[in-house]
Amino acid sequence: MDEAVGTTLSRFIADEQMKHPGATGEFSNLLVELITCARLISREVNKAGLVEILGLTGHRNVQGEEVMKLDRFANETMIRTMSHTGYLCMMASEENADPIPIPAEYPKGKYVLCFDPLDGSSNIDANAPIGTIFSVLQRRSAGDDGDPEDLLQPGRDQVGAGYFLYGSSTLMVYTTGSGVHIFTLDPSVGMFLLSRADVRIPESGKYYSVNEGNTAYWEPGVWKYVDYLKSATGERPPYSTRYIGSLVADFHRTLCYGGIFAYPEDHRSPGKPKGKLRLLYEASPLALICEVAGGRASTGRGRILDVVPEEIHQRVPLFIGSKREVEWAEKFIAGEMQPPTAGLSAPPPP
Ligand code: AHM
Ligand code: MG
């Protein structure tokens, strides 16, 4: 076992910071504040299942306080905690239509934060894994208060990105561009401990993860690609499918085991195909993690990290995971790769 395993997250962050002599420590402190948020959200996620058993769902808990919906709780926790750190000048959340300024009374900092406070929230009632995704960028505008334009930077300019996964245990996965590291929350001491440093995604895997209920909305290259994965070739058996419908959880499995997660474009609106997942706080941070871990993240036609956002809730198609499977997806979409003709299912009607 790696002797660093079990190192606390704060010690690991401090050691990493020492490797960068010019670092001010502000980014490390920002991570510590994000960890505080995650511990609070994780506690509420763990309690959520009990609320029903204990009969507390009538909008009031045992202390007579309102029981807040988890996604609202997560969003408010992030905004409240991160607003007064002094490290940020602007935020964007999946739950807020507009950019979130830092209130005038709080000090401002040089970073901007984009986040999805509770990704996969449609899975909450089924106790399936959900998560918080974050992306950190440096302010570009001159003034202290930041500008909404500061949020609209391509993913390649992220200074750090990560996610917390509230599953059978609570994990934190993050990168600052040199290595992807996984920490697990030890609930008995309330601390995140290193479980894997410098994670590498396998070059290829045996799982594909996509909502196949949407097949009829895909462009031909995508359904040909998925059919290809499902077919047995001389070199490999068919791929297996895994799909939770919770991006953080589906991505985390893909990071660990390899293969691909995809949310392709919906081609029902001719000339305006759109993905479902959001660039700033879903696709970009996971793309940075995936690339640093040795994988690939693509819109199907280009690198996710090179997409220049035009608005904060912009959606993109996403193909992310092992290099081999993502490259195949790009080739199928470009028409450079075709499935073998025998044994494949018929295309869906136009
Ligand atoms: P949301 O932001 O409305 O929660 O949607 C994001 C989620 C992702 O977590 C997941 O990958 C995807 O939506 C699943 O979508 P679908 O149910 O269409 O398969
Ligand atoms: Mg989401």
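Residues numbered from 1 in each chain as written. Chains lettered and ligands numbered in written order. Predicted model: local features only at pLDDT ≥ 70, side-chain atom pairs only at ≥ 80, totals over all residues. Heavy atoms only, no water.

## Describing the pairing of strand β8 (residues 191-196)
No. 1: Here strand β7 (residues 180-186) pairs with β8 via five bridges, running antiparallel. Residue F183 lies in a different strand from β8, and its bridge partner there is L194.
No. 2: A loop of four residues connects β7 with β8, the two strands running antiparallel in sequence, and G190 in this loop sits at a positive phi of about 70 degrees. (Pairing = 2+ DSSP bridges. Helix = DSSP H or I, 4+ residues; strand = E, 2+ residues; numbered from the N terminus.)

## Looking at the coordination of the magnesium ion (ligand 2)
No. 1: The protein atoms that coordinate the magnesium ion (ligand 2) are E94 (OE), D116 (OD), D119 (OD) and E282 (OE), at distances of 2.0 to 2.7 Å.
No. 2: Each donor residue of the magnesium ion (ligand 2) lies on one chain, and together they are spaced E-x21-D-x2-D-x162-E. With E94 in the loop between β1 (88-93) and β2 (100-101) and D119 in strand β3 (residues 111-119), this residue pair connects regions lying 25 residues apart in the sequence. (Donors = N, O, S within 2.8 Å, 3.2 Å for Na, K, Ca; no water.)

## Observations concerning the confidence of the model for the protein
No. 1: Summarising the model, the protein shows a mean pLDDT of 88, and 89% of its residues fall at 70 or more.
No. 2: This model gives residues 53-66 a pLDDT under 50, and the stretch forms 13 contacts once residues within four places in sequence are excluded. (pLDDT = per-residue confidence, 0-100. Contact = heavy atoms within 4.5 Å.)

## Points about the pattern of salt bridges
No. 1: Across all of its chains, the model carries 20 salt bridges by this definition.
No. 2: The partner of E44 in a salt bridge is K47, and the shortest N-O contact between them spans 3.0 Å. Remark: K47 and E44 occur in helix α2 (residues 26-53); sequence separation between them is three residues, near one turn of the helix.
No. 3: The class for E44 is buried, based on a relative accessible area of 17%.
No. 4: According to the relative accessible area criterion, K47 is partly exposed, its value standing at 40%.
No. 5: Note that D250 is salt-bridged to R253, the shortest N-O span being 3.1 Å. (Salt bridge = Lys/Arg side-chain N within 4 Å of Asp/Glu carboxyl O. Buried < 20%, exposed > 50% of the residue type's maximum accessible area, 1.4 Å probe, protein only.)

## Focus on the site of ligand 1
No. 1: In the region of ligand 1, 14 residues are neighbours, and E94, N211, Y243, L247 and Y263 sit closest.
No. 2: In this structure, L247 approaches ligand 1 through a main-chain N or O atom, which is 2.8 Å from an oxygen atom.
No. 3: Between ligand 1 and the protein, one listed contact pairs an oxygen atom with a side-chain N or O atom of R278 at 3.4 Å.
No. 4: If ligand 1 stood free it would expose 470 Å²; the protein chains cover 79% of that surface.
No. 5: Secondary-structure elements contributing two or more residues to the shell around ligand 1 are β11 (260-263) and β12 (277-278).
No. 6: Counted by class, the shell around ligand 1 contains five nonpolar, four polar and five charged residues. (Near = heavy atom within 4 Å. Polar contact = N/O pair within 3.5 Å; in protein donor to acceptor, adjacent residues only side chain to side chain. Areas by Shrake-Rupley, 256 points an atom, 1.4 Å probe, with all protein chains shown as cover. Nonpolar A, V, L, I, M, F, W, Y, C, P; charged D, E, K, R; others polar.)

## Quick notes on the sheet that holds strand β6 (residues 170-175)
No. 1: Strand order in this open sheet of eight strands is β2-β1-β3-β4-β5-β6-β7-β8, and the pairing throughout is mixed. Each edge of the open sheet carries a strand with a single partner, namely β2 and β8.
No. 2: Running at roughly 105 degrees to strand β5 (residues 160-166), helix α5 (residues 247-257) makes contact with β3, β4 (130-138), β5, β6, β7 and β8 of the sheet. (Axes fitted to C-alpha atoms, helices over the stretch in contact; angles between N-to-C directions.)

## Description of the sheet that holds strand β15 (residues 318-321)
Paired through backbone hydrogen bonds, the strands of a sheet run either parallel or antiparallel to each other.
No. 1: One open sheet holds the five strands; their spatial order is β10-β9-β11-β15-β13, and the pairing between them is mixed. Every interior strand has two partners, whereas the edge strands, β10 (240-241) and β13 (296-298), have only one.
No. 2: Strand direction decides the pairing type here: strand β9 (residues 207-209) and β11, joined by two bridges, are parallel. Looking across to β11, one finds that S209 is bridged to F261.
No. 3: Here helix α6 (residues 279-292) sits on the sheet in contact with β13 and β15, set at roughly 30 degrees to β15.

## A look at unusual backbone geometry
No. 1: Of note, the phi angle at N127 is positive, near 65 degrees, even though the residue is not glycine.
No. 2: Looking at the element boundaries, N127 is found in the loop between β3 and β4.
No. 3: Here N127 falls in the exposed class, since its relative accessible area comes to 65%.
No. 4: Notably, D198 is not glycine yet its phi reads approximately 50 degrees, a positive angle.
No. 5: Structurally, the position occupied by D198 is in the loop between β8 and β9.

## Some remarks on the packing of aromatic side chains
No. 1: Counted according to the given criterion, the structure contains 12 aromatic pairs.
No. 2: Between F164 and F192, the ring centres sit 5.9 Å apart and the planes meet at 55 degrees, which makes this aromatic pair tilted. Placement of the pair is F164 in strand β5 and F192 in strand β8, with a sequence separation of 28 residues. Each member of the pair, F164 together with F192, is buried.
No. 3: Geometrically, the ring pair formed by Y174 and F183 is stacked, given 6.3 Å between the ring centres and 25 degrees between the ring planes. Across the pair, F183 and Y174 agree in class, each one buried.
No. 4: Through a chain of ring-to-ring contacts, three or more aromatic side chains come together here, namely Y225, Y228, Y239, W328 and F332.
No. 5: In this structure, R236 packs its charged tip against the face of Y228, placed 4.7 Å from the ring centre. (Phe/Tyr/Trp six-rings, centres within 6.5 Å; stacked < 30°, edge-to-face > 60°. Lys NZ or Arg CZ within 6 Å of the ring centre and 35° of its normal.)

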